[in-house]
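Structural overview
The primary structure of each chain is shown beneath.
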Amino acid sequence: MRRTAGLLLTLPLLLAVACSSSTKATSPATPTSPTAAPTVPSPVSEASPMPTVSGGGFGSKATITIPDGPPSGQFVVNTVSEGDRSTVNKGDWVTVNYTAKDWTTGKDLPSSYDAGGKPQLYQAGSGQLVPAFDQSVIGKKVGSRLLVVAPPAAAFGEQGNTQLGVGPGDTVVFVLDIMESLPPDSTLSGTMTQPPPTMPQVKDNGKAPVTITIPPGQPAPTELQQAVLIKGEGKQVKAGQTLVVQYTGVLWSNGQQFDSSWSHGGAQALQIGTGSVIEGWDKGLVGQTVGSRVELVVPPALGYKDQAQGAVPANSTLVFVIDILEAV
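Residues numbered from 1 in each chain as written. Predicted model: local features only at pLDDT ≥ 70, side-chain atom pairs only at ≥ 80, totals over all residues. Heavy atoms only, no water.

**With respect to the side chain of Ser181**
- Positionally, Ser181 belongs in strand β8 (residues 172–182).
- Looking at Ser181, the relative accessible area reads 6%, which means it is buried.
- A distance of 3.1 Å separates a polar atom in the side chain of Ser181 from a polar atom in the side chain of Asp92.
- When near neighbours in sequence (up to four residues on either side) are disregarded, Ser181 contacts Ser86, Val88, Asp92, Trp93, Val94 and Val142. (Helix = DSSP H or I, 4+ residues; strand = E, 2+ residues; numbered from the N terminus. Buried < 20%, exposed > 50% of the residue type's maximum accessible area, 1.4 Å probe, protein only. Polar contact = N/O pair within 3.5 Å; in protein donor to acceptor, adjacent residues only side chain to side chain. Contact = heavy atoms within 4.5 Å.)

This is the structure in structure tokens:
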């Protein structure tokens, strides 16, 4: 739930989409221009010459060796090792670790495995990232390591990316490790417990918004209330991470639903613990674990205060049920 609107802050707004090569880039996956890009060639699985990949294998930083001679100019997606989990489909939320090298200069580029690096979380086929990331993972299995040779049209175009050290028209080589994939209709499994009777009760509806029932005659609380309905066994959520969540929100005053991820195509991505969402979410979700379903009752002071927001009147107490699907 954003601080200033009735919808969650989705991932494309969290990425620093640059307007030109002089704009700060956050990772090799960040596009350098939102304007129309050159036509991207269809990827092939092999071309000559081809880089080689060595190192510790899937889940560790790769060593990329560039062959003699210029690149073929083809967009190549080659499966180095195939995973045995689900297949990535367009629209899935994908978590990818990556190693990168500039073929043209032979220089190593920033990697998610470097100190301070982090995996790239994005929606496959969304068009928000360079095609080397956006298109390469579709149809591949989670657990796979991919070798991607990206000519300018599939990487940073003819302008390059000065912040990453990619020159105009350079070909870039990526090794992508597909760590996780979540369809937009993902939900949590497991036995759900009810919160205390003084809190709203929750009915699971599968791949649809939960039903939240406000306790009759119960005054709205003035402090943040939280209850874990399903306890996840994943990693603990930390401030600054990006979460993938399903959520539903209703008003305490009348139980009316005012927002749900299901109304926006399913699972959404947001940054937590940085003020990008309302304070009640920052306080209530940091420290929870991935795989958890959490109910939050958010008083006005930790929500929208005295400001009306769309279907949310001023000074509203808000009730959310949130499924934490992933944290990166």
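Read on, since the account is not over.
**Details of the environment of Leu243**
- As for its placement among the helices and strands, Leu243 is situated in strand β12 (residues 242–251).
- Spatially, the C-alpha atoms of Leu243 and Glu326 are 5.5 Å apart, while their sequence positions differ by 83 residues.
- Look past the residues within four positions of Leu243 in its chain and what remains in contact with it is Val237, Gln268, Ala269, Leu270, Ile272, Leu285, Glu326 and Ala327.

**Quick notes on the pairing of strand β2 (residues 62–65)**
- Here β2 shows one buried face, formed by Ala62 and Ile64, and one open face, formed by Thr63 and Thr65.
- Where strand β1 (residues 52–55) and β2 come together, 4 bridges link them in antiparallel fashion. Looking across to β2, one finds that Ser54 is bridged to Thr63.
- Here β1 folds back onto β2, and the loop between the two strands holds 6 residues, one of which, Gly57, carries a positive phi near 90°. (Pairing = 2+ DSSP bridges.)

**Overview of the pattern of salt bridges**
- One pass over the structure, following the stated rule, counts 9 salt bridges.
- In this structure, the salt-bridge partner of Asp204 is Arg293, at a minimum N-O distance of 2.8 Å. Of this pair, Asp204 sits in the loop between β9 (201–203) and β10 (211–213) while Arg293 sits in strand β15 (residues 293–298), and the two are 89 residues apart along the sequence.
- For Asp204, a relative accessible area of 38% translates into the label partly exposed.
- Among the ionic pairs, Glu326 bridges to Lys235, the shortest N-O distance being 3.7 Å. Here the residue Glu326 occupies a position in strand β16 (residues 318–327), and Lys235 occupies one in the loop between β11 (225–230) and β12, the gap between them amounting to 91 residues.
- Among the ionic contacts, a cluster of salt bridges with common partners joins Asp204, Arg293 and Asp323. (Salt bridge = Lys/Arg side-chain N within 4 Å of Asp/Glu carboxyl O.)

**Thoughts on the packing of aromatic side chains**
- Using the criterion set out here, one finds 6 aromatic pairs in the structure.
- Consider the rings of Phe133 and Phe174, whose centres lie 5.1 Å apart with planes at 80°: the pair is edge-to-face. With Phe133 in helix α2 (residues 131–134) and Phe174 in strand β8, this residue pair connects regions lying 41 residues apart in the sequence. As far as burial versus exposure is concerned, Phe133 and Phe174 are alike and both buried.
- Here the aromatic rings of Tyr247 and Trp281 are separated by 5.8 Å at their centres, their planes lie at 80°, and the arrangement is edge-to-face. Of this pair, Tyr247 sits in strand β12 while Trp281 sits in helix α3 (residues 279–285), and the two are 34 residues apart along the sequence. The residues Tyr247 and Trp281 share a single accessibility class, namely buried.
- Here the aromatic cluster, defined as three or more aromatic residues joined through ring pairs, consists of Tyr98, Tyr122, Phe133 and Phe174. (Phe/Tyr/Trp six-rings, centres within 6.5 Å; stacked < 30°, edge-to-face > 60°.)

**What to know about the pairing of strand β4 (residues 93–102)**
- Judged by how many residues are buried, β4 sits mostly within the fold: 10 of 10 residues are covered.
- Covered by surrounding structure in β4 are Trp93, Thr95, Asn97, Thr99 and Lys101 together with Val94, Val96, Tyr98, Ala100 and Asp102, the residues of both alternating faces.
- As paired elements, β4 and β8 share 10 bridges and run antiparallel to each other. For Lys101, the partnering residue across the bridge sits in β8 and is Val173.
- Pairing geometry for β4 and strand β5 (residues 108–109), over 2 bridges, is antiparallel. Paired with Ala100 across the strands is Leu109, a residue of β5.
- The turn linking β4 back onto β5 is made up of 5 residues, and Gly106 within it adopts a positive phi angle of 80°.

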